[in-house]
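# Descriptive analysis of the structure
Read off the chains here:
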Amino acid sequence: MPDFTERRRMMVDTQIRPSDVTKYPIIEAMLAIPREKFVPDAQREAAYADQNVDLGGGRVLMEPRTLAKMLDAVNLQSDELVLDVACGLGYSTAVAARIAQMVIGVEEDESMAADAQELLSETGADNAIVHTGLLADGAAEHGAYDVILIQGGAEDIPAALLDQLKDGGRIAALLVNGALGEVKVGYKSGGRISWRFEFNAGAPVLPGFAAAQEFAL
């Protein structure tokens with residue numbers, strides 16, 4: 001049987017720490033959450049690889065480094081409410097829930113959402129729930145949020161999501177422009193978002209996050 005505990009330790013030692021992620025809550029969370037449980041059975045051997053893991057339907061679980069650096073960049077705190085958009089099978093939600101006060105995962109694939117809720121319960125994430133609905137709509141009924149995390153590529157951030165961020169809150173998104181992807185953190189102040197570049201990464205553009213097509217006569 002694979003020793004997934006050892007693979008988790010190796011993931012942290014070879015992917016997370018060398019990426020300048022040193023905050024103890026992030027390290028502890030990524031050592032504690034069994035990533036192999038949050039991927040399709042056929043992908044378990046790839047769960048700890050330094051790459052995105054295919055979830056099917058054009059969706060991926062982003063590589064461990066990307067999630068860790070996103071959490072580091074938003075400086076997630078223990079008293080904060082988090083919206084985790086496109087949570088898939090719930091890994092990112094489970095990791096964030098080890099750090100934050102409460103996490104709301106959003107997943108529009110009903111089967112993945114149901115599996116995610118079950119996996120969160122199995123792994124003791126009692127401060128996390130999964131909201132089933134369109135990714136671009138978020139979960140306004142549970143907000144407003146201190147932090148919003150988007151688990152996939154985005155050419156455009158829907159206004160509905162930005163409206164759910166508290167003034168003074170932060171949003172982390174992988175903004176895609178052609179073949180390039182840049183993770184940026186947006187800081188909301190006075191109802192406006194100012195963005196700061198953090199690092200490069202890649203992932204497919206999520207449903208509802210593609211840029212509007214411009215038509216010319």
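Refer to the structure presented above.
Just so it is clear, the model here is predicted, and its values are computed rather than measured.

### Topic: the overall build of the protein chain
Along the backbone of the protein chain there are six helices and nine strands. Here the C-alpha atoms of the protein chain give a radius of gyration of 16 Å, agreeing with the 17 Å that 2.2 N^0.38 yields for 217 residues. Counting only C-alpha atoms, the protein chain reaches 60 × 40 × 35 Å along its principal axes. Looking at the 217 residues of the protein chain, the share that counts as buried comes to 50%. Across the protein chain, the fraction of contacts at a sequence separation of at least 24, relative to all contacts at a separation of at least 6, is 56%. Within the structure as shown, the protein chain displays about 10000 Å² of accessible surface, and the carbon and sulfur contribution to it stands at 48%.

### Some details on the pairing of strand S3 (residues 81-85)
Counting buried positions along S3 yields five of five residues, so the element is predominantly enclosed. Side-chain alternation along S3 places Leu81, Leu83 and Val85 on one buried face and Val82 and Asp84 on a second face that is also buried. Relative to strand S6 (residues 145-154), S3 is paired through four bridges, and the arrangement is parallel. The partner of Leu83 across the bridge, within S6, is Ile148.

### Considerations on unusual backbone geometry
Each neighbour pair has its own omega, and for Gly143 with Ala144 the value is 10°, a cis peptide bond. Looking at the element boundaries, Ala144 is found in the loop between strand S5 (128-132) and S6. Located in the positive-phi region is Asp20, a residue other than glycine, with phi close to 65°. With respect to the element layout, Asp20 can be found in the loop between helix H1 (4-16) and helix H2 (24-32). Not every positive phi belongs to a glycine, and Ala86 is a case in point at roughly 70°. Secondary-structure assignment places Ala86 in the loop between S3 and helix H4 (91-97).

### A word on helix H5 (residues 110-122)
The end-to-end C-alpha separation of H5 is 18 Å, in line with the 18 Å expected for 13 residues at 1.5 Å each. For H5, the full list of buried residues reads Met112, Ala113, Ala116, Leu119 and Leu120. Buried residues of H5, viewed axially, fall in a sector of 130°; they line one side. Of the residues in H5, the exposed ones pointing more than 90 degrees away from the buried face are Glu110 and Glu122. Looking at the buried side of H5, the elements it contacts are strand S1 (53-56), strand S2 (59-61), H4, strand S4 (102-107) and S5. Of the residues flanking the start of H5, the one acting as N-cap is Asp109, its side-chain oxygen 3.1 Å from the backbone nitrogen of Ser111. Immediately downstream of H5, the backbone of Gly124 shows phi near 80°, a positive value.

### Concerning the sheet that holds S6
Paired through their backbone hydrogen bonds, the strands of a sheet run either parallel or antiparallel. Spatially, S5-S4-S3-S6-S7-S8-S9 is the arrangement adopted by the seven strands of the open sheet, whose pairing is mixed. The sheet terminates laterally at S5 and strand S9 (192-200), the two strands that pair on one side only. The sheet shows a mean angle of 20° between the axes of neighbouring strands, direction not considered. Bridge count for S3 against S4 is five bridges, and the pairing is parallel.

What counts, and where the lines are drawn
Starting afresh in each chain, residues are numbered from 1 along the sequence in its written order. Residues qualify for local features only when their pLDDT is at least 70, as the model is predicted, and side-chain atom pairs are given and counted only at 80 or more; totals for whole chains, interfaces and linings, by contrast, use all residues. For the side-chain quantities, the full set of heavy atoms in the structure was used; hydrogens and water were omitted. Comment: elements are numbered from the N terminus, with helices defined as DSSP H or I runs of at least four residues and strands as E runs of at least two. Each radius of gyration reported is based on C-alpha atoms, and the globular scaling rule is 2.2 Å times the count of residues to the power 0.38. Using a 1.4 Å probe on the protein chains alone, a residue whose accessible area is under 20% of its type maximum counts as buried, one over 50% counts as exposed, and one in between counts as partly exposed. Note on contacts: a residue pair is in contact if any heavy atoms of the two residues lie within 4.5 Å. Here the accessible surface of atoms and residues is derived via Shrake-Rupley with a 1.4 Å probe, and residues count as covered only by protein chains that are part of the display. A pair of strands counts as paired when DSSP detects no fewer than two bridges linking them. Given the number of residues in a helix, its expected span is that number minus one, multiplied by 1.5 Å. In this description, one arc is meant: the one made by directions from the helix axis to the C-beta atoms. We call two N or O atoms a polar contact when they sit within 3.5 Å, provided that within protein one can donate a hydrogen and the other can accept it, with sequence-adjacent residues counted only if both atoms are side-chain atoms. Note on definitions: angles span 0 to 180 degrees between N-to-C directions of axes, and those axes are lines fitted to C-alpha atoms, for helices only across the stretch in contact.

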